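# Chains, contacts and geometry: an overview
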Amino acid sequence: MGGMYKEQNFNFSENMDFETVIGLEVHLQLNTATKIFCGCRNVFGVEANTCVCPVCLGLPGSLPVLNRDVLFSGIKVGLALNCSINTFVKFDRKNYYYPDLPKGYQISQYDFPIAKAGFLPVMTGGQEKRIGITRAHLEEDAGKLIHDDAINATLVDYNRTGTPLVEIVSEPDMRSADEAYDYLTTLKLALQYLNVSDCDMEKGSLRCDANVSIRSRGETKLGTKTELKNMNSFSAVKRAIDFEVARQTRLVIAGESIVQQTLLWNEEKGITIPMRSKEQAHDYRYFPEPDLVPFTLTEAEIDKVRCGLPELPYARLHRLIEKLGVSEYDGTIIVQDKTFADFFESALALGVDVKKLCNWMNGPLMKELNDRKCRLGDLKLTPGMLVELINKVEDGTVSNLAGKEILAEVVATGRKIEDIIKEKGLTQVSDEALIGKIVDEIILKNPQVVEQVRSGKANAAGFLVGQAMKQMQGKANPKIINEFIQRRITNV
Amino acid sequence: MITKETVNYIASLSRLHIDEAENAGFVRNLEDILQYVAKLNKLDVAGVLPTSHVLKMENVFRDDKVSPSLTQQEALSFAIESHAGHYKVPKVIE
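All residue numbers here refer to positions counted from 1 along the written sequence of the relevant chain. Starting at A for chains and at 1 for ligands, labels are handed out in the order in which the entities are written. pLDDT decides what is reported in this predicted model: residues at 70 or higher carry local features, side-chain atom pairs at 80 or more are listed and counted, and totals for whole chains, interfaces and linings draw on all residues regardless. The side-chain figures draw on all heavy atoms in the structure; neither hydrogens nor water molecules are used.

### Thoughts on the overall build of chain B
Within chain B one finds 3 helices and 3 strands. The globule rule puts the C-alpha radius of gyration for 94 residues at 12 Å, and the 22 Å found for chain B is more than 25% above it. Along the longest, intermediate and shortest principal axes, the C-alpha atoms of chain B span 55 × 45 × 25 Å. Here, Shrake-Rupley sampling with a 1.4 Å probe gives the accessible areas, and only protein chains in the shown set may cover a residue. Surface exposure of chain B reaches about 7400 Å², of which carbon and sulfur atoms provide 60%. Within this scheme the basic residues Lys and Arg register as positive and the acidic residues Asp and Glu register as negative, but His and the chain ends are omitted. We put the charge of a Lys on NZ, of an Arg on CZ, of an Asp on CG and of a Glu on CD. In chain B, the 10 positive side-chain charges and the 13 negative ones have mean positions that sit 2 Å from each other. Put simply, DSSP H or I for four residues or longer makes a helix, DSSP E for two residues or longer makes a strand, and each gets a number counted from the N terminus. In this treatment the radius of gyration is a C-alpha quantity, and the globule benchmark scales as 2.2 Å times the residue count to the 0.38 power.

What follows is the structure in structure tokens.
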């Protein structure tokens, strides 16, 4: 096979002869203040080689010392993924030469990872599926390489070297790209709730490699796998897997064999390309890290972490439904973003109807977020402001329509709701004399519609309300108009 | 069995250049070590935990507190070559 593979436009997932087998490896950068083995700041996007020291540069004579918070974040992740936590933890050297690794080895964990044998319940294809977690282990991140064609060299920034990572390895339990996608979104959500990482794929805080193979349906042995790398979003993971499954299926149908190799996803071209690297076949020669003594944890320490875990998305959804009266539909949307769910609960606590709040948050507010392609944390809107707005719509101060206009303005500027209402003249007219006068006119102009209302046609009254609203440029209180219309018509 | 090829392979993984004479010496050395380990393997060690560290110490931590880093100039001062604040190395991906 050549270096590149063109995608064909047919769907192999409908090919009943083959089954797709996917296992995922997720690398998560922890959000501790400092690196895993030294006191350099753990930050992204600062000037190259300014957060480095003798330890993370691997200078002779320097010694690593484990950041306690890294170990405990690892325990948190393990517990959240229903893993058992090893009470004996040690680190190991993974030896290989590559310029992103100044020591010539990566400190990782081999046979005693922090966590093992867990699972994550994932809603996929309309039902819950448990995806097995093989293990989660701690390790240090490598540096960043920039391949510069202009000077025909590779440039190395070691700021990232020593950034604490948790690598979460799943069992090969996923059977489609969609399942892999659902696993990743569920995993990311749980990790966000734990607040151990910003989980930002664009910054590389969360990275995913996929091991993909196919086999004849009914076969229990695994086929030869390829490892997919370089996917920068969950949707890219999905596209890369779909592409790779199609490629492998074509090869097998053509009687060719799958070569075990690492493939890089090319987002622009939508294809996978075999990784070409000067690095020889990997033979990591793991051995116990002599620069770090082992760690032992007591059951009491692990229990303490377990008790301190935040409520996870799955549990939160159930509480919203059972304790706060949120519908399953609304709740599912609300828990998808921890900030969004926190905002919801803060707002609810301030005193507002739960269904109204759900409608406003999952409707107009979500629309604002989508339109602006931003998250709630980026906005100047506070829970108090949203509650004030909803209650102003509810008590008739402003119309529903004006409420949405005000929301857009608040979201954009963070200005006071009162000021926006005054400035835009959005106060709803509840002046009964004025409304009465306009309703009378409308009734006189539409005798047939009035007849329809009398004969019990509900929609007909709506038409009259609409006419009156139009006359008053949408500023009238439709409830009051409706009351007037009903009263006038039954009195005539 | 340690062969000349095994020694060459290990040397290449470790980026070491060794000549023929050195290679022969390493074959003998490594073979002796393996024979000694084979002898140890005959011992009954059921119930003995593997040693993972020679020191009788455990749980050595540091707090998550920032300490000063080197300046970029200091960090690059021992680089063979540098460019625009980066270490410059031969291109690793074609």
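### A look at the overall build of chain A
For chain A, the count of helices and strands is 15 helices and 17 strands. Computed over C-alpha atoms, the radius of gyration of chain A comes to 30 Å, more than 25% over the 23 Å expected from 2.2 N^0.38 for 492 residues, which places it beyond the range of a compact globule. Overall, chain A is about 95 × 55 × 55 Å in size when its C-alpha atoms are taken along their principal axes. Relative accessibility decides the category of a residue: with a 1.4 Å probe and only protein chains considered, values under 20% of the type maximum give buried, values over 50% give exposed, and everything between is partly exposed. A buried classification covers 50% of the 492 residues belonging to chain A. When contacts within chain A are restricted to residue pairs at least 6 apart in sequence, those whose partners lie at least 24 apart make up 69%. Carbon together with sulfur atoms contributes 51% to the accessible area of chain A, which is approximately 23200 Å² in total. Here chain A carries 60 positive and 66 negative side-chain charges, and the mean point of each set is 3 Å from the other. Two residues form a contact once any of their heavy atoms are found within 4.5 Å.

### Observations concerning the interface of chain B and chain A
Taken together, the contact pairs 36 residues of chain B with 59 residues of chain A. Joining two parts hides part of their accessible area as seen by a 1.4 Å probe, and the buried area is that hidden amount summed over both. Of the roughly 4200 Å² buried at the junction of chain B and chain A (both faces included), carbon and sulfur atoms supply 57%. Per-residue buried area on chain B facing chain A is highest for F61(B), R62(B) and K91(B); these three make up 18% of the total on that side. By definition here, a salt bridge exists when the distance from a side-chain nitrogen of Lys or Arg to a carboxyl oxygen of Asp or Glu is within 4 Å. At the boundary of chain B and chain A, one finds 2 salt bridges. Between R68(A) and D63(B) there is a salt bridge, with the nearest N and O atoms lying 2.6 Å from each other. N or O atoms within 3.5 Å of each other form a polar contact, as long as, within protein, one can give a hydrogen and the other can take it, and as long as residues adjacent in sequence are counted only when both atoms are side-chain atoms. On inspection of chain B and its partner chain A, the count reaches 24 residue pairs in polar contact (both at pLDDT 80 or more). Broken down by element, the side of chain B that touches chain A gets its largest block of residues, 5 residues, from strand 3 (residues 86-90) of chain B.

### Topic: the packing of aromatic side chains
Pairs were defined over the aromatic rings of Phe, Tyr and Trp, the Trp ring being its six-membered one, requiring ring centres within 6.5 Å. Orientation was assigned from the angle between planes: stacked under 30 degrees, edge-to-face over 60, tilted for the rest. Summed over all chains, the structure comprises 10 aromatic pairs over all chains. Measuring from ring centre to ring centre gives 4.2 Å for Y110(A) and Y286(A), while their planes differ by 20°; the resulting arrangement is stacked. Note that Y110(A) is positioned in the loop between strand 6 (105-108) and strand 7 (115-124) and Y286(A) in the loop between strand 15 (271-274) and strand 16 (287-288), a separation of 176 residues in sequence. On the accessibility criterion, Y110(A) (45% relative accessible area) is partly exposed. Accessibility expressed as a relative area gives 29% for Y286(A), which makes it partly exposed. Put simply, the rings of F37(A), F91(A), F295(A) and F61(B) touch in pairs and so form one group of aromatic residues.

### A short note on the sheet that holds strand 9 (residues 144-148) of chain A
Hydrogen bonds along the backbone pair up the strands of a sheet, which may run parallel or antiparallel. Judged by pairing direction, the sheet is antiparallel, and its 4 strands sit side by side in the order 9(A)-10(A)-3(B)-2(B) without closing on themselves. The sheet is open, and its two edges are formed by strand 9 of chain A together with strand 2 (82-83) of chain B, each paired on a single side. Relative to strand 3 of chain B, strand 10 (residues 153-157) of chain A runs antiparallel, the two being bridged by 4 bridges. Of the residues in strand 3 of chain B, the one forming a bridge with V156(A) is Y87(B). Each pair of strands is called paired provided DSSP finds at least two bridges between the two strands.

### Topic: the pattern of salt bridges
Two side chains bearing opposite charge may form a pair once their charged atoms approach each other closely. Residue and element names in this part refer to chain A. Across all of its chains, the model carries 33 salt bridges over all chains by this definition. The shortest N-O distance in the salt bridge between D330 and K355 comes to 2.8 Å. Residue D330 is found in helix 6 (residues 328-334), and its partner K355 is found in helix 8 (residues 354-372); the two are separated by 25 residues along the sequence. According to the relative accessible area criterion, K355 is partly exposed, its value standing at 43%. Between D371 and K367 there is a salt bridge, with its nearest N and O atoms 2.9 Å apart. Of this pair, D371 and K367 are both found in helix 8, 4 residues apart, which corresponds to roughly one turn of the helix. Classification of D371 by relative accessible area gives partly exposed; the value is 49%. Here the salt bridges share partners, and the residues they tie into one network are E311, R316, R319, K338, D342 and E345.

### A look at helix 1 (residues 4-13) of chain B
Residue and element names in this part refer to chain B. Within the span of helix 1, buried status applies to V7, A11 and L13. Down the axis of helix 1, the buried side of the element spans an arc of 160°, and every buried residue falls inside it. Buried-residue contacts for helix 1 involve helix 2 (20-41). Phi turns positive one or two residues past the end of helix 1, at R15, with a value near 55°. The arc in question is traced by the directions running from the helix axis to the C-beta atoms.

### Quick look at the pairing of strand 12 (residues 206-216) of chain A
Residue and element names in this part refer to chain A. Of all 11 residues in strand 12, 9 are buried; the element is thus mostly enclosed. Direction of pairing for strand 1 (residues 18-29) relative to strand 12: antiparallel, over a ladder of 11 bridges. In the sheet register, F18 faces strand 12, and the bridge partner there is S216.

### Some thoughts on the nonpolar core
Within the largest apolar cluster, 86 residues are counted, with the highest numbers of intra-cluster contacts made by L24(A), V77(A), I114(A), I168(A), Y183(A) and I241(A). Not counting residues up to four positions away in its chain, the partners in contact with V77(A) are L28(A), V166(A), I168(A), L191(A), L194(A) and V196(A). Note on terminology: a nonpolar core comprises buried Ala, Val, Leu, Ile, Met, Phe, Trp, Tyr and Cys residues joined through side-chain atoms within 4.5 Å.

### Re the sheet that holds strand 16 of chain A
All names here are of chain A. Taken in spatial order, the 3 strands line up as 6-5-16 in an open sheet, and their pairing is antiparallel. Unpaired on one side and paired on the other, strand 6 and strand 16 mark the two borders of the sheet. Pairing of strand 5 (residues 92-95) with strand 16, which is carried by 2 bridges, proceeds in the antiparallel orientation. Counterpart to D92 in the pairing with strand 16 is P288.

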